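Descriptive structure summary
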Amino acid sequence: MLNTDFRPGSPDWLDLSSPDTRASVDFYTALFGWTFDSAGPEAGGYGFFQLDGRTVAALGPLAEEDTPPGWTIYFTTEDADRTTALVEQAGGRVRFSPFDVFTAGRMAGYTDPTGADFAVWQPHDNRGLDLVTEEGSLCWAECYSVDAERAKSFYRAVFEWQEQDVPFGEVMYTVLTPAGGGTDDAHGGIMQLGPEQTARGTTSHWLPYFEVPNTDASLAIAATLGATVRIPAMDVHGVGRLAQLVDPHGAVFAVITSSKPGE
């Protein structure tokens, strides 16, 4: 379960890159009940999605016009420069080198050897998200990979994540936990993309899950706002009811109504 202790290797931030930030604000505030707080002109259009005054995500314009819209998940690091060296040693690519974000923290962005983009956040004044796991916030981070074994080896080298393989239908799902964490600290998973998915052009990517009170209701609202369904709502025993969506600009994300203990 995600929490805001943010031990090294756990998700601590996420942001959306959009070609139309105003339209994205309208979509996500209507879907999740968020508000949006701009960081001001000096931040280049960047700002924060909030729920009851607590930051749950962020939003900014595309870095370049040909950059595809999408959510980026950030993982906690105590030293972004050292993480950058580990990424390179493990066969990843540095998309942007570490740099300071005013006094808030230090960040860097990468692509793993299978093609999935991610980033790290080294906190200073800003520790990370104010709210996770609760309704309307990030609750899980999932990597779909064209080569799950290679992805696991890479992230193991970079973050020293603990892994637990569990059956998921006909495939294996790897549950991820920060180094030194227990079962209750699991924050995400890695799953192999199937041939039918790669045939449709799906490439390796990280997918954020947002907790919602009712998955089917969220799908209905998202449809009226212009989203499309990537994977329809389904029940996963012991996990919850989940679905995957594509927002009006092409960014993919998932919603889930998690099972309560004992369900």
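For the structure itself, consult the block above.
What counts as what
Here the residue numbers are simple positions, counted from 1 along each chain's written sequence. Per-residue local features are limited, in this predicted model, to residues with pLDDT of at least 70; the limit for side-chain atom pairs, both in listing and counting, is 80 or more; totals at the level of whole chains, interfaces and linings are taken over all residues. To obtain the side-chain values, all non-hydrogen atoms of the structure were used and water was disregarded. A strand pair is defined by DSSP finding two or more bridges across the two strands. Only runs of H or I of at least four residues qualify as helices and only runs of E of at least two qualify as strands under DSSP, and these elements are numbered from the N terminus. For this analysis, a ring pair means two rings from Phe, Tyr or Trp (six-membered ring only for Trp) whose centres lie within 6.5 Å, classed as stacked if their planes differ by under 30 degrees, edge-to-face if by over 60, and tilted for the remaining angles. Only protein chains enter the calculation, and the probe is 1.4 Å; a residue is then buried if its accessible area is under 20% of its type maximum, exposed if over 50%, and partly exposed in between. When checking whether two residues touch, look at their non-hydrogen atoms; a contact exists if any pair is within 4.5 Å.

Quick word on the pairing of strand E14 (residues 228-236)
Where E14 lies against strand E15 (residues 240-246), six bridges are found, and the strand directions are antiparallel. Of the residues in E15, the one forming a bridge with Val236 is Gly240. Once E14 ends, the chain turns through three residues before running back antiparallel as E15, passing Gly238 with a positive phi of about 80 degrees.

Overview of the packing of aromatic side chains
Considering all chains together, one arrives at 34 aromatic pairs under this definition. Look at Phe154 and Tyr155: their rings are 4.9 Å apart centre to centre, the planes differ by 80 degrees, and that puts the pair in the edge-to-face class. Each member of the pair, Phe154 together with Tyr155, is buried. An aromatic cluster is defined as three or more aromatic residues linked by ring pairs; in this entry it consists of Phe27, Tyr28, Phe32, Trp34, Phe36, Phe49, Trp71, Phe210 and Phe253.

Concerning the environment of Val101
Checked against the element boundaries, Val101 lands in strand E6 (residues 93-101). Val101 sits 58 residues away from Ala43 along the chain, and the two C-alpha atoms are 9.4 Å apart. Residue contacts for Val101: discarding those within four places in its chain leaves Met107 and Trp121.

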